[in-house]
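# Observations on the model geometry
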Amino acid sequence: GAVVSQHPSWVICKSGTSVKIECRSLDFQATTMFWYRQFPKQSLMLMATSNEGSKATYEQGVEKDKFLINHASLTLSTLTVTSAHPEDSSFYICSARSQGSYNSPLHFGNGTRLTVT
Amino acid sequence: SQQGEEDPQALSIQEGENATMNCSYKTSINNLQWYRQNSGRGLVHLILIRSNEREKHSGRLRVTLDTSKKSSSLLITASRAADTASYFCATHQTGNQFYFGTGTSLTVIP
């Protein structure tokens, strides 16, 4: 159980275009989803915390107008990288927590590798 | 930055030896969790220790937590080549955020 599906697994786009990444909890309801960014051989940097039905909480230094997060249902959150630039190339990973479980692990998607040319 | 620090950054051991990784963090936490990541993949949860717990075991894993020092350790006993991966600690902050440590890259030599 507790499967998180992230799609696409990789995407190549041209500079200036927008890319949408989906994160779905397949067999549980996720009241909270987290979006992370990871550079090669580095740790995961929290970008934003997304609660179902409300606006995402962005970490300091993360541009909310560039990284649009929508958590419209208990099983789906999306991250849209708008007007992508080469420096946005990275590995983006989502994770989700089950509803009503305070001391519970995060369940991760397999990540999306974004390359902006 | 809310990110925790881990040491060592990299660790290389022989199969059968024990591997110990340490994690330090900065603020109050609800719990601390350890994850494993194989290259280019998502993270897999290994073990969770609550803020009122001091030690926890799961198979070959042993985790300790010292909230007074804001530190935790992960011990993998009798390591195997398949344990080769990056290991991250993550703290569940009181504001409901999850922040990851800098990670330890473990190589187990057969």
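Our subject is the structure listed above.
Residues numbered from 1 in each chain as written. Chains lettered and ligands numbered in written order. Predicted model: local features only at pLDDT ≥ 70, side-chain atom pairs only at ≥ 80, totals over all residues. Heavy atoms only, no water.

### Some remarks on the overall build of chain A
Put simply, the test is: The helix count covers DSSP runs of H or I at least four residues long, the strand count covers runs of E at least two residues long, and both are numbered beginning at the N terminus. Both definitions apply: the radius of gyration is a C-alpha atom measure, and the globule rule equals 2.2 Å times residues to the power 0.38. When a residue's accessible area, from a 1.4 Å probe over protein chains only, is under 20% of the maximum for its type it is buried; when over 50% it is exposed; and in between it is partly exposed. Whether two residues touch is decided by their heavy atoms; if any such pair falls within 4.5 Å, the residues are in contact. His is not counted, nor are the chain ends; Lys and Arg add positive charge and Asp and Glu add negative charge. Every charge is mapped to an atom, namely NZ of Lys, CZ of Arg, CG of Asp or CD of Glu.
Of regular secondary structure, chain A possesses zero helices and 11 strands. Computed over C-alpha atoms, the radius of gyration of chain A comes to 13 Å, within 12% of the 13 Å expected from 2.2 N^0.38 for 117 residues, which places it in the range of a compact globule. Along the first, second and third principal axes, the C-alpha atoms of chain A reach 40 × 25 × 25 Å. Per-residue burial over chain A gives 50% buried out of 117 residues. A separation of at least 24 residues holds for 55% of the contacts in chain A among residues at least 6 apart in sequence. One finds the centroid of the 10 positive side-chain charges in chain A at a distance of 4 Å from the centroid of its 8 negative side-chain charges.

### Overview of the overall build of chain B
Just so we agree on the cut-off: Surface exposure here means Shrake-Rupley accessible area, sampled with a 1.4 Å probe, where a residue is shielded only by the protein chains that are shown.
Counting its secondary structure elements, chain B contains zero helices and 11 strands. Helices and strands in chain B line up, N terminus first, as β-β-β-β-β-β-β-β-β-β-β. Its C-alpha atoms give chain B a radius of gyration of 13 Å, within 12% of the compact-globule value 13 Å for 110 residues. When the backbone C-alpha atoms are referred to their principal axes, chain B occupies close to 40 × 30 × 20 Å. Put simply, chain B has 110 residues, and 45% of those count as buried. Restricting the contact set of chain B to residue pairs at least 6 apart, pairs at least 24 apart contribute 55%. Within the structure as shown, chain B displays about 5000 Å² of accessible surface, and the carbon and sulfur contribution to it stands at 44%. Distance between charge centres in chain B, computed from 11 positive and 9 negative side chains, equals 6 Å.

### Thoughts on the state of the cysteines
Note the following rule: Disulfides are defined as cysteine sulfur pairs within 2.5 Å.
Here the structure, examined in full by the defined rule, presents two disulfides over all chains. The disulfide that involves Cys23(A) links it to Cys94(A), with 2.0 Å between the sulfurs. Handedness here is read from the sign of the S-S torsion; for Cys23(A) and Cys94(A), about 80 degrees, the answer is right-handed. Of the two residues, Cys23(A) is situated in strand E3 (residues 19-25) and Cys94(A) in strand E9 (residues 90-98); the sequence distance between them amounts to 71 residues. The exposure classification of Cys23(A) matches that of Cys94(A), with both residues buried. The residue that forms a disulfide with Cys23(B) is Cys89(B), at a sulfur-sulfur distance of 2.0 Å. Negative torsions about the S-S bond denote left-handed disulfides, and the value of about 70 degrees found for Cys23(B) with Cys89(B) makes this one right-handed. One end of the pair, Cys23(B), is in strand E3 (residues 19-24); the other, Cys89(B), is in strand E9 (residues 85-93), and 66 residues separate them in sequence. Residue Cys23(B) is classed as buried on the basis of its relative accessible area, which comes to 2%. This cysteine, Cys13(A), is not joined by any disulfide, and Cys94(A) carries the nearest cysteine sulfur, 18 Å off. Taking the relative accessible area as the measure of exposure, Cys13(A) reaches 8% and is therefore buried.

### Section: the interface of chain B and chain A
Where we set the bar: Note on definitions: buried area is the accessible-area loss of two parts on being combined, 1.4 Å probe, summed for both. For this document, the term salt bridge refers to a Lys or Arg side-chain nitrogen within 4 Å of an Asp or Glu carboxyl oxygen. A 3.5 Å cut-off defines polar contacts: any pair of N or O atoms within that distance qualifies, except that in protein one atom must be a possible hydrogen donor and the other a possible acceptor, and neighbouring residues in sequence count only when both atoms are side-chain atoms.
Across the contact, 22 residues belong to chain B and 23 residues belong to chain A. Buried surface at the junction of chain B and chain A, both sides included, amounts to about 1800 Å², of which 53% is carbon and sulfur. One can count zero salt bridges joining chain B with chain A. Scanning the region where chain B abuts chain A turns up six residue pairs in polar contact (both at pLDDT 80 or more). Mapped by element, the contributors of at least two residues to the side of chain B that touches chain A are strand E4 (29-37), strand E5 (43-50), E9 and strand E10 (98-100) of chain B.

### Thoughts on the layout of surface pockets
The condition that has to hold: Throughout, the protein atoms alone are placed on a 1 Å grid, and a set of points is a cavity if a 1.4 Å probe fits but cannot get out or a pocket if it is open with protein on both sides within 12 Å along at least five of seven lines; lining residues have an atom within 4 Å of a point. Grid points are joined across faces, edges and corners, and a volume is the space filled by probe spheres set on the points. Note on residue categories: nonpolar means Ala, Val, Leu, Ile, Met, Phe, Trp, Tyr, Cys or Pro, charged means Asp, Glu, Lys or Arg, and polar means any other residue, Gly included.
Of the voids in this model, the largest pocket is the one considered here, and its volume is about 510 Å³. What lines the largest pocket is a set of 21 residues, among which Pro40(A), Lys41(A), Gln42(A), Gln37(B) and Ser86(B) lie closest to the centre. Counting only elements with at least two residues in the lining of the largest pocket, the list comes to E9 and strand E11 (104-109) of chain B. Looking at the lining of the largest pocket element by element, the count peaks at three residues for E9(B). In terms of residue class, the lining of the largest pocket is made up of five nonpolar, 14 polar and two charged.

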